[in-house]
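# Structural overview
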Amino acid sequence: EADIYQTPRYLVIGTGKKITLECSQTMGHDKMYWYQQDPGMELHLIHYSYGVNSTEKGDLSSESTVSRIRTEHFPLTLESARPSHTSQYLCASSRGGTETQYFGPGTRLLVL
Amino acid sequence: AQSVTQLDSQVPVFEEAPVELRCNYSSSVSVYLFWYVQYPNQGLQLLLKYLSGSTLVKGINGFEAEFNKSQTSFHLRKPSVHISDTAEYFCAVSAKIKAAGNKLTFGGGTRVLVKP
């Protein structure tokens, strides 16, 4: 069973606030990913990382930023939250040379 | 680039009846194929995957899928569903090239509602 954690699970916040969504995995996976999922919609890749100090933007443009200072940790930050950022954010990881991504439980963000 | 189309957005089905969820993909390179399930308020869980070899793939919870290269399809089936199978199901692909970095492209999802 995959060990990948996301906090918080739910977040309600006002416009203009800075937020950081946490994602950690204990499997030693080198690749990590962030997906955005609007209600009833497909997932879109917004960021990914192939290892420490490596980050890339995904297929869907996002105002969020990410960092990868440690292998196990891949936080996502929004400097100034807006209602358009309301969505579910899913973190995933995979081991180099394998194809399977393991997903965390997600963070549901509501920006008022 | 890849794209994935799940032909049914919702599939209502009675308990103990069979179900098939359809998935078609488009890609200029060979791909790996996946089915994930998402239960309410949870993340995604891998049901099964096709990497190579036999085109019939068996997964968890009694699900199976068949890869059809000529029709670029990867349909998911279960012969007898349970109430607990009520969930959203996502088909996904990733390109079989190292440079792609295992990035997944998802379909729009199919919501399965199992009725008693």
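Everything discussed here concerns the structure shown above.
Residues numbered from 1 in each chain as written. Chains lettered and ligands numbered in written order. Predicted model: local features only at pLDDT ≥ 70, side-chain atom pairs only at ≥ 80, totals over all residues. Heavy atoms only, no water.

## Details of the interface of chain A and chain B
Of the residues lining the interface, 25 residues belong to chain A; the matching set on chain B comes to 22 residues. Here chain A packs against chain B, burying approximately 1,800 Å² in sum over the two surfaces, 47% of which is carbon and sulfur. For the side of chain A that touches chain B, the secondary structure elements donating two or more residues are β4 (31-37), β5 (43-51) and β9 (87-94) of chain A. Class assignment of the residues belonging to the side of chain A that touches chain B gives a composition of eleven nonpolar, eight polar and six charged. (Contact = heavy atoms within 4.5 Å. Buried area = accessible area lost by both parts, 1.4 Å probe. Helix = DSSP H or I, 4+ residues; strand = E, 2+ residues; numbered from the N terminus. Nonpolar A, V, L, I, M, F, W, Y, C, P; charged D, E, K, R; others polar.)

## Topic: the environment of Gln36 of chain A
Residues and elements named next belong to chain A. Mapped onto the elements, Gln36 comes out in strand β4. Given a relative accessible area of 12%, Gln36 falls into the buried group. Distance from Gln36 to Arg9, taken between C-alpha atoms, is 14 Å for residues 27 residues apart in sequence. In this structure Gln36 touches Glu42, Leu43, His44, Ile46, Leu60, Ser87, Gln88 and Tyr89, once residues within four positions along its chain are discounted. (Buried < 20%, exposed > 50% of the residue type's maximum accessible area, 1.4 Å probe, protein only.)

## As for empty space enclosed by the protein
One pass over the full model with this rule turns up one cavity of 30 Å³ or more. By residue class, the composition of the lining of the largest cavity is six nonpolar, no polar and one charged. (1 Å grid on protein atoms, 1.4 Å probe; cavity = no way out; pocket = protein on both sides within 12 Å on 5 of 7 lines; lining within 4 Å. Points joined across faces, edges and corners; volume = space filled by probe spheres on them.)

## Re the sheet that holds strand β1 (residues 4-7) of chain A
Picture the strands of a sheet paired through backbone hydrogen bonds; they go either parallel or antiparallel. Residues and elements named next belong to chain A. Strand order in this open sheet of four strands is β1-β3-β8-β7, and the pairing throughout is antiparallel. Of all strands in the sheet, those bounded by a partner on one side alone are β1 and β7 (65-66). Note that β1 and strand β3 (residues 19-25) share four bridges and pair antiparallel. Bridge pairing in β3 links Ile4 to Gln25. (Pairing = 2+ DSSP bridges.)

## Quick notes on the side chain of Gln88 of chain A
Among the structural elements, Gln88 of chain A can be located in strand β9. Residue contacts for Gln88 of chain A: discarding those within four places in its chain leaves Tyr35, Gln36, Gln37, Pro105, Gly106, Thr107 and Arg108 of chain A together with Gln38 of chain B.

## Some details on the packing of aromatic side chains
What the rule picks out here adds up to twelve aromatic pairs over all chains. Put simply, the rings of Tyr33, Tyr35 and Phe103 of chain A together with Phe34, Tyr36, Phe90 and Phe106 of chain B pair up and form one aromatic cluster. Across from the ring centre of Tyr50 of chain A, 5.5 Å away, lies the NZ or CZ of Lys31 of chain A, which sits over that ring. Note that Arg68 of chain A overlies the ring of Phe74 of chain A, its terminal NZ or CZ placed 5.9 Å from the centroid. (Phe/Tyr/Trp six-rings, centres within 6.5 Å; stacked < 30°, edge-to-face > 60°. Lys NZ or Arg CZ within 6 Å of the ring centre and 35° of its normal.)

## Structural notes on a nonpolar patch on the surface
A cluster of nonpolar side chains, namely Val12, Leu110 and Leu112 of chain A, defines an oily patch on the protein surface of about 290 Å² accessible area. Secondary-structure assignment places Leu112 of chain A in the segment after β11 (107-111). (Patch = residues over 30% accessible without salt bridge, like charges linked within 9 Å, V, L, I, M, F, W, Y side chains within 5 Å. Areas by Shrake-Rupley, 256 points an atom, 1.4 Å probe, with all protein chains shown as cover. Salt bridge = Lys/Arg side-chain N within 4 Å of Asp/Glu carboxyl O.)

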